[in-house]
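# A structural walkthrough
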Amino acid sequence: MNSPLDNRITALVTGGAGFIGSHLVRRLVDKGFEVIVLDNLSSGSRRNIPKPAAFVYGDVRDSRLVGTLVKKSDIVLLQDSRDV
């Protein structure tokens, strides 16, 4: 979550290394969001994620990992192609 000294919103984007997800991540970064990308790279590429975004290799079906990342985020955008 944001500290009182930081007004940036943190967005968690699942599937952020894929075609659509990476475009969303790029747009969020351009708008000043702090972005965390969760992706297992099954159909995306690490190269698609812009440098300012944090990358976490993992799967949306890992409830412990997702829970940890959600706690660090203000919003969650689901772009993952898997059924959850």
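Just so you know, these numbers come straight off a predicted model, no measurement behind them. (Residues numbered from 1 in each chain as written. Predicted model: local features only at pLDDT ≥ 70, side-chain atom pairs only at ≥ 80, totals over all residues. Heavy atoms only, no water.)

## Side note on the overall build of the chain
Where we set the bar: Helix and strand definitions here come from DSSP, where helices need a minimum of 4 consecutive H or I residues and strands a minimum of 2 consecutive E residues; each element is numbered from the N-terminal end. Burial classes: relative accessible area under 20% of the type maximum marks a residue as buried, over 50% as exposed, and values in between as partly exposed (1.4 Å probe, protein chains only). Note on definitions: a residue-residue contact is assigned when non-hydrogen atoms from the two residues lie within 4.5 Å. Only the protein chains shown count as cover for residues, and the accessible areas themselves come from Shrake-Rupley with a 1.4 Å probe.
Each helix and strand counted, the chain has 2 helices and 4 strands in total. The linear arrangement of helices and strands in the chain, starting from the amino end, is β-α-β-β-α-β. Per-residue burial for the chain yields a buried fraction of 36% across its 84 residues. In the chain, of all internal contacts separated by at least 6 residues, the share reaching a separation of at least 24 is 53%. Only carbon and sulfur atoms are counted for the fraction: they give 53% of the accessible area of the chain, which is about 5,400 Å².

## Description of the environment of Asp 30
Mapped onto the fold, Asp 30 is located in helix α1 (residues 19–30). As a C-alpha pair, Asp 30 and Pro 50 span 20 residues in sequence and 9.9 Å in three-dimensional space.

## Quick word on the nonpolar core
Here is the rule: We call a set of buried Ala, Val, Leu, Ile, Met, Phe, Trp, Tyr and Cys residues a nonpolar core when their side-chain atoms join them within 4.5 Å.
Core analysis: the biggest nonpolar cluster contains 10 residues, these being Ala 11, Val 13, Ala 17, Val 25, Leu 28, Val 29, Val 35, Val 37, Ile 49 and Ala 53. Ranked by residues supplied to this core, first place goes to α1 with 3 residues. Ile 36, Leu 38, Val 60 and Leu 69 belong to the second largest nonpolar core, which has 5 residues in total.

## Here we look at α1
Selection rule: For a helix, the expected span equals 1.5 Å multiplied by the number of residues minus one. Working note: the arc is built from the helix axis to C-beta atom directions.
With 12 residues, α1 should reach 16 Å at 1.5 Å per residue; the first-to-last C-alpha distance of 17 Å fits that figure. Gly 21, Ser 22, Val 25, Leu 28 and Val 29 are the residues of α1 that are buried. On an axial view of α1, the arc spanned by its buried residues comes to 120°, and they lie on one face. Along α1, the residues that are exposed and aim more than 90 degrees away from the buried face are Phe 19, Ile 20, Arg 27 and Asp 30. Close packing links the buried residues of α1 with β1 (10–14), β2 (34–39) and β4 (75–78). Positive phi appears at Gly 32, one or two residues downstream of α1, with a value of about 95°.

## Here's the deal with a nonpolar patch on the surface
Defined as follows: The patch calculation keeps residues exceeding 30% relative accessible area without a salt bridge and links them within 9 Å when they carry like charges or within 5 Å when they are nonpolar (Val, Leu, Ile, Met, Phe, Trp, Tyr). Throughout this description, the term salt bridge denotes a Lys or Arg side-chain nitrogen within 4 Å of a carboxyl oxygen of Asp or Glu.
A surface patch of nonpolar side chains, about 250 Å² in accessible area, is lined by Val 70, Val 76 and Leu 78. When you line up the elements, Val 70 lands in helix α2 (residues 63–71). Given the relative accessible area of 36%, Val 70 is considered partly exposed.

## Structural notes on unusual backbone geometry
In this structure, Leu 41 is a non-glycine residue whose phi angle is positive, near 60°. Here Leu 41 falls in the partly exposed class, since its relative accessible area comes to 28%.

## Some details on the side chain of Ser 73
Applied cut-off: Throughout this description, a polar contact denotes any pair of N or O atoms lying within 3.5 Å of each other; where both atoms belong to protein, one of them has to be capable of donating a hydrogen while the other can accept it, and for residues adjacent in sequence the pair is counted only when both atoms sit in side chains.
By the secondary structure assignment, Ser 73 is in the loop between α2 and β4. Here the side chain of Ser 73 touches Leu 69 through a polar contact of 2.8 Å, landing on its backbone oxygen.

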